[in-house]
Amino acid sequence: MAITRDETLDWMRRFAGEVAEHRQELVALDTAIGDGDHGTNMNRGMTKALEKLEGAELADSGAALKTVAMALVSSVGGAAGPLYGTLFLQIGNALAGHSEVDLAAFAGAWRKGLEGVQARGKAQAGDKTMVDALIPAVEALESASDLNAGLRAAAQAAEEGMKATTPLIARKGRASYLGERSKDHQDPGATSTYYLFKSAAEALAG
Ligand SMILES: [Mg+2]
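Residues numbered from 1 in each chain as written. Predicted model: local features only at pLDDT ≥ 70, side-chain atom pairs only at ≥ 80, totals over all residues.

Caption draft 1: Spatial organisation of the overall build of the chain. Regarding its fold elements, the chain presents nine helices and zero strands. For the chain, the α and β elements follow one another from N to C terminus as α-α-α-α-α-α-α-α-α. Over its C-alpha trace the chain gives a radius of gyration of 16 Å, about what one expects of a compact globule, namely 17 Å for 206 residues. The dimensions of the chain, computed from C-alpha atoms along their principal axes, are 45 × 35 × 30 Å. Counting all 206 residues of the chain, 51% fall into the buried class. (Helix = DSSP H or I, 4+ residues; strand = E, 2+ residues; numbered from the N terminus. Rg over C-alpha atoms; globule rule 2.2 N^0.38 Å. Buried ≥ 20, exposed ≤ 12 C-beta atoms within 10 Å, placed from the backbone.)

This is the structure in structure tokens:
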């Protein structure tokens, strides 16, 4: 089993669909502990990304994901644009030249993406950020024995990581200004990251 360019395009359409469907949820989560723009920003960014993908000559999955990265960086403000832009750029770079992406390549690309996000945002596990969904999902991909099982395990791990942000006190980003008052709220960035893995499982697992 391997991932093709067209399946990656389907993944991005589904992710954009999840972001659009859950825009108000993401806004509400970010209003509680941030500045309330996460759903609106991600929806604008993924709408722009789909526009760019429609008109582009895309050699492979890597080219598609790099196109998404550029669209997010140019259209999304705040922390989410640079962080998601870095994530997609690192994954896209790692997958460039692969006409078919197997589990090892996909897991390796996600590891590069995670490293890029952590290098840029300086967040560690437990800081109540997107990294809390990313780390367990990437580890699930790395420990899987086949692509389909890995994709499903990653989506489940991201969901659990997202839910586990609720009791945490934020130590990074705008939410960290709230200190103790950031408790009892699910992190918006971890939530959008869960939707990225949910859409990956739906689009890419056979
Ligand atoms: Mg915000």
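Caption draft 2: Fine view of the nonpolar core. By size, the foremost hydrophobic cluster in this structure holds 62 residues, and its most contacted members are Val-68, Phe-88, Phe-106, Leu-134, Ala-137, Ala-154 and Ala-158. Ranked by residue count, the leading element in this core is helix α5 (residues 80-95), at nine residues. Setting aside residues no more than four positions away along its own chain, Ala-137 makes contact with Ala-154, Ala-157, Ala-158, Gly-161 and Phe-197. (Core = buried A, V, L, I, M, F, W, Y, C linked by C-beta atoms within 7 Å. Contact = placed C-beta atoms within 7 Å.)

Caption draft 3: Just helix α2 (residues 23-33), in detail. Taken together, the buried positions of α2 are occupied by Leu-26, Val-27, Leu-29, Asp-30 and Ile-33. Taken down its axis, α2 places every buried residue within 165° of arc, on the same side. Among the structural elements, α3 (38-55) and α9 (188-204) are those in contact with the buried residues of α2. (Arc of directions from axis to C-beta.)

Caption draft 4: Quick look at the environment of Ala-158. Structurally, Ala-158 is set in helix α8 (residues 147-163). Given 29 C-beta atoms within 10 Å, Ala-158 falls into the buried group. Spatially, the C-alpha atom of Ala-158 lies 20 Å from that of Asn-43, the residues being 115 residues apart in sequence. Once residues within four sequence positions are removed from consideration, Ala-158 is found in contact with Ala-133, Pro-136, Ala-137, Thr-193, Tyr-194 and Phe-197.

Caption draft 5: How the structure looks around the packing of α2 against α9. As a packed pair, α2 and α9 sit with axes 9 Å apart at the nearest point and diverge in direction by 155°. Looking at the two axes, α2 sits roughly antiparallel to α9. Residues Leu-26, Leu-29 and Asp-30 of α2 pack against Pro-188, Thr-191 and Ser-192 of α9. Of the residues assigned to the contact of α2 with α9, the class counts are three nonpolar, two polar and one charged. (Axes fitted to C-alpha atoms, helices over the stretch in contact; angles between N-to-C directions. Parallel < 35°, antiparallel > 145°, perpendicular 65-115°, else oblique. Nonpolar A, V, L, I, M, F, W, Y, C, P; charged D, E, K, R; others polar.)

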